[in-house]
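An overview of the molecular structure
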Amino acid sequence: MIRKAILLAAVLVIGVGHAQNAAASEGSLHGKLFYDYWMDLSGKPSGPNNAYDFRRIFFTYDTPLAGRDDLKARVRTDVQNDNKRWRPYLKRVWVKWQRSETSYLSFGLLQNNGYRVQEKLWGHRWLEKSPLDKWGIIKSDETGIEIGGSLAQGISADLQITNGPSSNPENDDEKRFGGAFQATGGPLTVRAYGGIQD
């Protein structure tokens, strides 16, 4: 039953995905669905040796707040198969104030600023996690606050202060401080990131 509901929801999202609303004050709903067929050819499967499967199902809702173009919110959910059942969870929930063309303030469940460029360059997360995520070097999403913006043409910086335990609720008093500088020129982007956990 859950699988049928997820498939129906995915079809509905694909049907309305990337639709742009005429009024600026309305939000937009879009999504991504990764579906495949796999087969274990090792001869020693620990479970079924082939199946049709959903890899990921993303639903994202973006909306401006209070009718303002400089204030917006996003809610993104994900659905994953934990080998027993489909498990929906919150991926990101944030509010962003674009103070000017060159500066912003965000708070909520944010993407870790160490991931920002490498995830876009990797581009095939649905095939395999990026090295930062796969080896647990840093967490992909954390709850906190971020400020950032442009320092000069082609040079930007951002700073995050987050709880630290990934997207889970806070379980101690420690915080993570992460900062990055980024330089972009033509097709080349260089991003230097550093972080500490107190």
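What comes next is a walk through the structure. Treat the numbers as computed from the prediction; the structure is a model and nothing was measured.

1. As for the overall build of the protein
For the protein, the count of helices and strands is three helices and nine strands. Beginning at the N terminus, the succession of helices and strands in the protein can be written as α-β-β-β-β-β-α-α-β-β-β-β. In the protein, once contacts between residues fewer than 6 apart in sequence are set aside, the share between residues at least 24 apart is 42%. Working note: accessible area of the protein is about 13,000 Å², and carbon and sulfur atoms make up 60% of it.

2. Considerations on a negative patch on the surface
A cluster of like negative charges, contributed by Asp-172, Asp-173, Glu-174 and Asp-198, occupies part of the molecular surface. For Asp-198, the position within the fold is in the segment after strand E9 (188–197).

3. What about the pattern of salt bridges?
Throughout the structure, instances matching the rule amount to six salt bridges. With its nearest N and O atoms 2.6 Å apart, the salt bridge here joins Asp-62 to Arg-74. Of this pair, Asp-62 sits in strand E2 (residues 50–65) while Arg-74 is found in strand E3 (residues 68–81), placing the two residues 12 residues apart along the sequence. Asp-141 is the salt-bridge partner of Lys-91, the closest N and O atoms lying 3.2 Å from each other. One end of the pair, Lys-91, is in strand E4 (residues 86–100); the other, Asp-141, is in strand E6 (residues 141–152), with 50 residues separating them in the sequence. Accessibility assignment for this pair places Lys-91 and Asp-141 in one class, buried. Sharing partners across several salt bridges, the network here consists of Lys-91, Arg-92 and Asp-141.

4. Description of the environment of Gln-80
With respect to the helices, strands and loops of the structure, Gln-80 is situated in strand E3. You can call Gln-80 partly exposed: its relative accessible area is 23%. Sequence separation of Gln-80 and Arg-55 is 25 residues, and the distance between their C-alpha atoms is 6.8 Å. For Gln-80, the residues in contact, after removing those within four places along its chain, are Arg-56, Arg-85, Trp-86, Arg-87 and Tyr-89.

5. Observations regarding the packing of aromatic side chains
Scanning the model with the defined rule gives five aromatic pairs in all. Each ring, one from Phe-34 and one from Phe-58, has its centre 6.4 Å from the other, and the planes form 90°; the classification is edge-to-face. Here Phe-58 lies in strand E2 and Phe-34 lies in strand E1 (residues 28–39), a separation of 24 residues in the sequence. Both residues of the pair, Phe-34 and Phe-58, belong to the buried class. Summarising the aromatic geometry, the rings of Tyr-35 and Tyr-52 are spaced 6.5 Å apart at their centres and angled 10° between planes, so their arrangement reads as stacked. Pair noted here: Tyr-35 is in strand E1 and Tyr-52 is in strand E2, with a separation of 17 residues, a long-range link. As far as the burial class goes, Tyr-35 and Tyr-52 line up, both exposed. Taken together through their ring pairs, the aromatic side chains of Tyr-35, Tyr-37, Tyr-52, Phe-54 and Trp-86 make up a single cluster.

Analysis parameters
Residues numbered from 1 in each chain as written. Predicted model: local features only at pLDDT ≥ 70, side-chain atom pairs only at ≥ 80, totals over all residues. Heavy atoms only, no water. Helix = DSSP H or I, 4+ residues; strand = E, 2+ residues; numbered from the N terminus. Contact = heavy atoms within 4.5 Å. Areas by Shrake-Rupley, 256 points an atom, 1.4 Å probe, with all protein chains shown as cover. Patch = residues over 30% accessible without salt bridge, like charges linked within 9 Å, V, L, I, M, F, W, Y side chains within 5 Å. Salt bridge = Lys/Arg side-chain N within 4 Å of Asp/Glu carboxyl O. Lys, Arg positive; Asp, Glu negative; His and termini not counted. Charge placed at Lys NZ, Arg CZ, Asp CG, Glu CD. Buried < 20%, exposed > 50% of the residue type's maximum accessible area, 1.4 Å probe, protein only. Phe/Tyr/Trp six-rings, centres within 6.5 Å; stacked < 30°, edge-to-face > 60°.

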